[in-house]
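Residue-level structural notes
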Amino acid sequence: MRRAPRWLLFTVIVLVLALGTFSSLAIGTARQSLPQVSGRLVVPGLGAPVEVLRDRYGVPQIYADNADDLFQAQGYVNAQDRFFEMDVRRHLAAGRLSELLGPSRVQVDAYARTLGWRRTAEAELSLASSSTRRALDAYAAGVNAYLHSRPTTDLSLEYSLLAAQGLEYEPEDWTAVDTLAWLKVVAWQLGSNHEQEAERSLVTATVGTDRAASLYPRFPLDGFDPILSRGAVTGGTFDPTAAGTPAPGAGTAVQVQAALDAVASVRSLDRSLNEVLGAPGLGGETSASAWVVSGSRTATGRPLLGNDPQLAVAIPSAFTQVGLHCRVASAACAYDVTGFALAGVPGVTVGRNTTVAWGLSGSRVDAQDLVLEDVVGDSVREGAGFMPLESRVESLTVRGEDQPRTLTVRTGRHGPLVSDIVPQLARPGTTELGDRHEAVAVRWTGTAPGRTMDALLALDRARSFEQFRAAAALVGAPSLSLLYADVAGNIGYQLAGAVPVRGRGDGRLPAPGWDPAYDWTGTVAAKALPWTYNPPAGVIVAANQPVTGQVYPHLLGSDFSYGWRSQQLTDRLADADPLTVDQAQGLFSDDTSRVAADLVPTLLKIKVSDSWVAEGQRTMVGWDYTATADSAAAAYFNVVVHNVLKATFRDELPADLWPTTSDRWYAVLATLMKQPKNPWWDDVTTPGKVETRDDILLRAMTDARKEITSLMARDTDEWQWGRLHHVRLRSPWFGRAWFRPVRALFNRGHYPVGGGVAALDNTSYDDRLGYDVVRAPALRILADLSGADGSRWVNQSGVSGHAFDEHYDDQTQLWATGRLWPLVTSRAAVETATTTRLDLVPNG
């Protein structure tokens, strides 16, 4: 009998699964990858039995006698729940994604190879402490024990689909380097300031230095507070109680006219990477809100700490949940910690132990620079002379192609030449990269091998603020704002991660690599990084706003959040004294749009003669600026803002630089609203007429009325923000597949939500593509230090990465409606919540 074509087999399997027939094939293929979560399993390598207790949401609480068994069990359980995700992530980190997913991912692979994430991870392994190395190896042993226990197609449904497409594949064993390499990707994702730098340079080249500067308002905006209002470096050490003097400003860098194509190529690489990471259209750094309140200001008399890092909406979520418990605490087994973890990484990333809780947000410290390099052949200019570039050839295996592709990676003293990538991919097989030209290198603190994995596990073990700060000092990349609370009532903050010390230049535009005056001269010493402990206000808020005021002697960055979220948190916490746990939970779903208070009064002053348009304008009359899912005013306001940005800037900026609703563009509009005759208001496509602010606002409200009517209804009573603003959880790997039934297998939901870009309920969208949410809190955690079992949490999706598992998306409805569920840590409470029990036992 003639064998059926592979494409036909693939189509049949997909149709059987996606269309929901109840055949044995559908049930077997979909269910065979689900893990065993109760009973008894033999796991080679364990030294003693381990218990895995799961609750109604499938969260594993792991109990072991020693740290090796604890982390081996965590690796085993992570592989049970999320191995395909882990496998694809390590392929991404190693620049091998196209081996699995084909030619569409070659550009991402070339970018990853050039940045050298895995090469740096290999170097980091030798820096890890002996206890961290044991944890990494034990975790890898647990992952591999699970891999070896079943065939590839039984590991996850995705492997069955790939096999049906003709991929002959067996996963390699997991290694410690796989973990460290993924941490490098996370660090890159949380600190991608170079994307703003590339955009700013292209905007500057388009409209000139002065006009470009008006599109990047300086910090701080009036009335918005930094994280720390006091503190200065004295004698090389940061003193949180000292008052300092304003730090000198830094000069700007060179123009980039000669390197526009090279800079633009870097942006195209970032877009490809962001698409894989789940946020097409949006670049730059992610957001997070983190806050802590001392016991003197809470109803329980003990601190409350909240955290909700925002990442691309995806399924499975970027985080999973776990409890790691040594049955008997000792120096050799010091873990009793529960919280959110990254699949593929041992330990807990955000959470609490018996004494301490911690949260984090991206600090927005500028730890990445683009550097223009004057290249001649394989040499790069340094001062008055030229030095040879280091060069290596990478081989890229691509699914479906007979021969591997080659990529030449050239590196100078500032970092790899990322602008080499696109020209090579455009001319496969060529290695000639041109005569004298300006190239673009990326300089990043994360390129230097560091000890971030040591820091994560040290945070898990920390029992005091001193131990917390010692752990934070080990962080290399990314730069993080870390918040602290303990059961004794103390709270604190520490800026963590390497901060470059620049010569000339301020990181806002690419630096001239041939001029040594622009070189980094080192990094800020850990003891000089900002921190505070038990500040008099009893509150610390870190929501990506500037870390300090103008008194810190080192340049920290230029792309902080402008402060609508952080100030809303600060004001809400000031008003809630004492703060209850329920009030604290409500902060996560605070959908107040403070920026609307800056824009709406001007919109309401515009004279609108068209009664139909005036109906839309009237929805904002008396609006309290809360962007609830059922709000007509919020719906109209957000559509108006989209049309204001469109009418104001698209006439002068190319499509690649069109604005989108973001913190920065809100700041631009808030400034322009006070300048009715600013030249930006003029539409240059209407010769002979000079538009003012009021002309553009009237046009925007008119166009918004048309748009919202086409999207929802003519009757304003039927307008609801949640009808435009949805969460659709997509698989980063199959969620945009060309075949709709494949997408249906893995994607979930159409969840109407409130909030917005500058709200505490930070549900960001790219209005160039629509109003669907593209970034939102990946998790929410509220740590109550008054007891072991009073904390709360919720995940964006669920702990499982299996599309047909009940825990694939069982927390999403809670998450979308602002609800959390109990986070318990005591053995008694865990036992009470247990629904399944799995005993992992040694062989023999």
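Residues numbered from 1 in each chain as written. Predicted model: local features only at pLDDT ≥ 70, side-chain atom pairs only at ≥ 80, totals over all residues. Heavy atoms only, no water.

1. Re the overall build of the protein chain
- Of regular secondary structure, the protein chain possesses 26 helices and 33 strands.
- For the protein chain, the C-alpha atoms occupy an extent of roughly 85 × 70 × 70 Å along the three principal directions.
- For the protein chain, long-range pairs separated by at least 24 residues make up 73% of all intrachain contacts whose partners lie at least 6 apart in sequence.
- Just so you have it, the protein chain exposes about 30400 Å², and 52% of that area is on carbon and sulfur atoms.
- Here the protein chain contributes 78 positive and 92 negative side-chain charges, whose respective centroids are spaced 1 Å apart. (Helix = DSSP H or I, 4+ residues; strand = E, 2+ residues; numbered from the N terminus. Contact = heavy atoms within 4.5 Å. Areas by Shrake-Rupley, 256 points an atom, 1.4 Å probe, with all protein chains shown as cover. Lys, Arg positive; Asp, Glu negative; His and termini not counted. Charge placed at Lys NZ, Arg CZ, Asp CG, Glu CD.)

2. Details of unusual backbone geometry
- The omega torsion across Ala477 and Pro478 is 5°, close enough to zero to call that bond cis.
- Mapped onto the elements of the fold, Pro478 is located in the loop between α15 (465-472) and β19 (480-486).
- Backbone torsion omega between Asp577 and Pro578 reads 10°, so that peptide bond is classified as cis.
- Mapped onto the elements, Pro578 comes out in the loop between α16 (564-575) and α17 (581-588).

3. Structural notes on the environment of Gly347
- Along the polypeptide, Gly347 turns up in the loop between β9 (336-341) and β10 (350-353).
- Spatially, the C-alpha atoms of Gly347 and Leu136 are 9.6 Å apart, while their sequence positions differ by 211 residues.
- Apart from the residues within four sequence positions on either side, Gly347 is in contact with Phe71, Gln74, Val322, Leu324, Ala341, Leu457 and Asp460.

4. Focus on the nonpolar core
- Core analysis: the largest hydrophobic core is formed by 254 residues, its most contacted members being Trp291, Trp564, Phe649 and Leu840.
- Excluding anything up to four places from it in sequence, Trp291 contacts Leu304, Leu305, Gly306, Leu483, Ile540, Val541, Leu569, Leu573, Leu579, Ala584, Leu587 and Leu782.
- Counting seven residues, the second largest nonpolar core, distinct from the first, contains Val375, Leu417, Ala439 and Ala441. (Core = buried A, V, L, I, M, F, W, Y, C linked by side-chain atoms within 4.5 Å. Buried < 20%, exposed > 50% of the residue type's maximum accessible area, 1.4 Å probe, protein only.)

5. Concerning the confidence of the model for the protein chain
- Mean pLDDT over the protein chain stands at 93; residues scoring 70 or higher make up 93%.
- Taken together, the stretch residues 21-27 has pLDDT below 50 and engages in eight contacts with residues farther than four places along the chain or on a different chain. (pLDDT = per-residue confidence, 0-100.)

6. Some words on the pairing of strand β3 (residues 60-64)
- Counting buried residues along β3, five of its five residues qualify, which places the element largely inside the surrounding structure.
- In β3, alternate side chains face the same way, and those of Pro60, Ile62 and Ala64 on one face and Gln61 and Tyr63 on the other are all buried.
- The sheet contact formed by strand β2 (residues 50-54) and β3 spans four bridges and is antiparallel. Bridge assignment links Val52 to a residue of β3, and that residue is Ile62.
- Counted along the chain from β2 to the antiparallel partner β3, the turn is five residues long, and its residue Gly58 has a positive phi close to 80°.
- Across four bridges, β3 lies against strand β8 (residues 320-326) in parallel orientation. Along β8, the bridge assignment pairs Gln61 with Gly323. (Pairing = 2+ DSSP bridges.)

7. Some thoughts on the state of the cysteines
- Applying the stated criterion across every chain yields a total of one disulfide.
- Shown here is the disulfide that connects Cys326 with Cys333, its sulfur atoms set 2.0 Å apart. Taking the torsion about the sulfur-sulfur bond, which here is approximately -85°, the covalent link between Cys326 and Cys333 counts as left-handed. (Disulfide = S-S within 2.5 Å.)

8. Side note on the packing of helix α7 (residues 130-147) against helix α9 (residues 176-190)
- Interaxial distance between α7 and α9 falls to 8 Å at its minimum, and their mutual angle equals 105°. Considering the angle they form, α7 stands roughly perpendicular to α9. Residue-level contacts link Leu136, Asp137, Tyr139 and Ala140 of α7 to Ala176, Thr179 and Leu180 of α9.
- Per-class residue counts for the contact of α7 with α9 are five nonpolar, one polar and one charged. (Axes fitted to C-alpha atoms, helices over the stretch in contact; angles between N-to-C directions. Parallel < 35°, antiparallel > 145°, perpendicular 65-115°, else oblique. Nonpolar A, V, L, I, M, F, W, Y, C, P; charged D, E, K, R; others polar.)

9. Overview of the environment of Leu482
- With respect to the helices, strands and loops of the structure, Leu482 is situated in strand β19.
- By relative accessible area, Leu482 is classed as buried at 1%.
- Residues Leu482 and His750 lie 268 residues apart in sequence; the distance between their C-alpha atoms is 33 Å.

10. What about the sheet that holds strand β15 (residues 390-396)?
- If you walk across this open sheet you meet the three strands as β15-β16-β17, and the pairing is antiparallel. Both outer strands of the open sheet, β15 and β17 (415-416), are each paired with one neighbouring strand and no more.
- One ladder, built from seven bridges, connects β15 with strand β16 (residues 405-412); its direction is antiparallel. Looking at the pairing, Glu394 lines up with Leu407 of β16.
- Where helix α5 (residues 106-115) meets the sheet, it contacts β15, β16 and β17, and its direction lies at approximately 145° from that of β15.

11. A short note on the packing of helix α20 (residues 632-649) against helix α21 (residues 663-672)
- Orientation of α20 relative to α21, taken along the N-to-C sense of each, is 75°, at an axis distance of 12 Å. On the basis of their axis angle, the class for α20 and α21 is roughly perpendicular. Contacts between α20 and α21 involve Asn638, Val641, Val644, Leu645 and Phe649 from the first element and Trp665, Tyr666, Val668, Leu669 and Leu672 from the second.
- Among the residues making up the contact of α20 with α21, the classes are represented as nine nonpolar, one polar and no charged.

12. Here's the deal with the sheet that holds β19
- Spatially, eleven strands are ordered β1-β33-β2-β3-β8-β9-β10-β11-β19-β20-β24 in an open sheet, and the strand pairing comes out mixed. The open sheet is flanked by β1 (39-42) and β24 (531-533), the only strands paired with a single partner. Neighbour to neighbour, the strand axes of the sheet diverge by 15° on average, direction disregarded.
- In this sheet, strand β33 (residues 836-841) lies alongside β1 in parallel orientation, the contact comprising four bridges. Within the sheet, the bridge partner assigned to Gly39 lies in β33 and is Leu838.
- Contacting β1, β2, β3, β8, β9 and β33, helix α3 (residues 67-94) runs over the sheet at an angle of about 160° to β8.
- Its contacts with the sheet put α15 on β11 (356-362), β19, β20 (491-496) and β24, and the angle it makes with β20 is roughly 15°.

13. Some details on the pattern of salt bridges
- For the structure shown, the criterion picks out 50 salt bridges.
- The partner of Lys184 in a salt bridge is Glu124, and the shortest N-O contact between them spans 2.8 Å. Taken together, the residues Lys184 in helix α9 and Glu124 in helix α6 (residues 117-125) connect sequence positions 60 residues apart. Take Lys184 and Glu124: they sit in the same class, and that class is buried.
- Between Arg410 and Asp420 there is a salt bridge; the shortest N-O distance is 2.8 Å. Residue Arg410 is found in strand β16, and its partner Asp420 is found in the loop between β17 and α13 (421-426); the two are separated by ten residues along the sequence. The exposure classification of Arg410 matches that of Asp420, with both residues buried.
- Bridged by salt links that share partners, the residues Glu51, Asp65, Arg327, Arg827, Glu831 and Arg837 form one connected network. (Salt bridge = Lys/Arg side-chain N within 4 Å of Asp/Glu carboxyl O.)

14. Examining the environment of Gln567
- With respect to the secondary-structure elements, Gln567 resides in helix α16.
- As a C-alpha pair, Gln567 and Phe224 span 343 residues in sequence and 5.9 Å in three-dimensional space.
- For Gln567, the contacting residues outside a window of four places in its chain are Gly223, Phe224, Asp225 and Arg594.

15. What to know about α17
- Val581, Ala584, Gln585, Leu587 and Phe588 are the residues of α17 that are buried. An end-on view of α17 places all buried positions within 145° of arc, on one side of the element.
- Close packing links the buried residues of α17 with β6 (287-293), β7 (304-312), α16, β30 (779-784) and β31 (791-795). (Arc of directions from axis to C-beta.)

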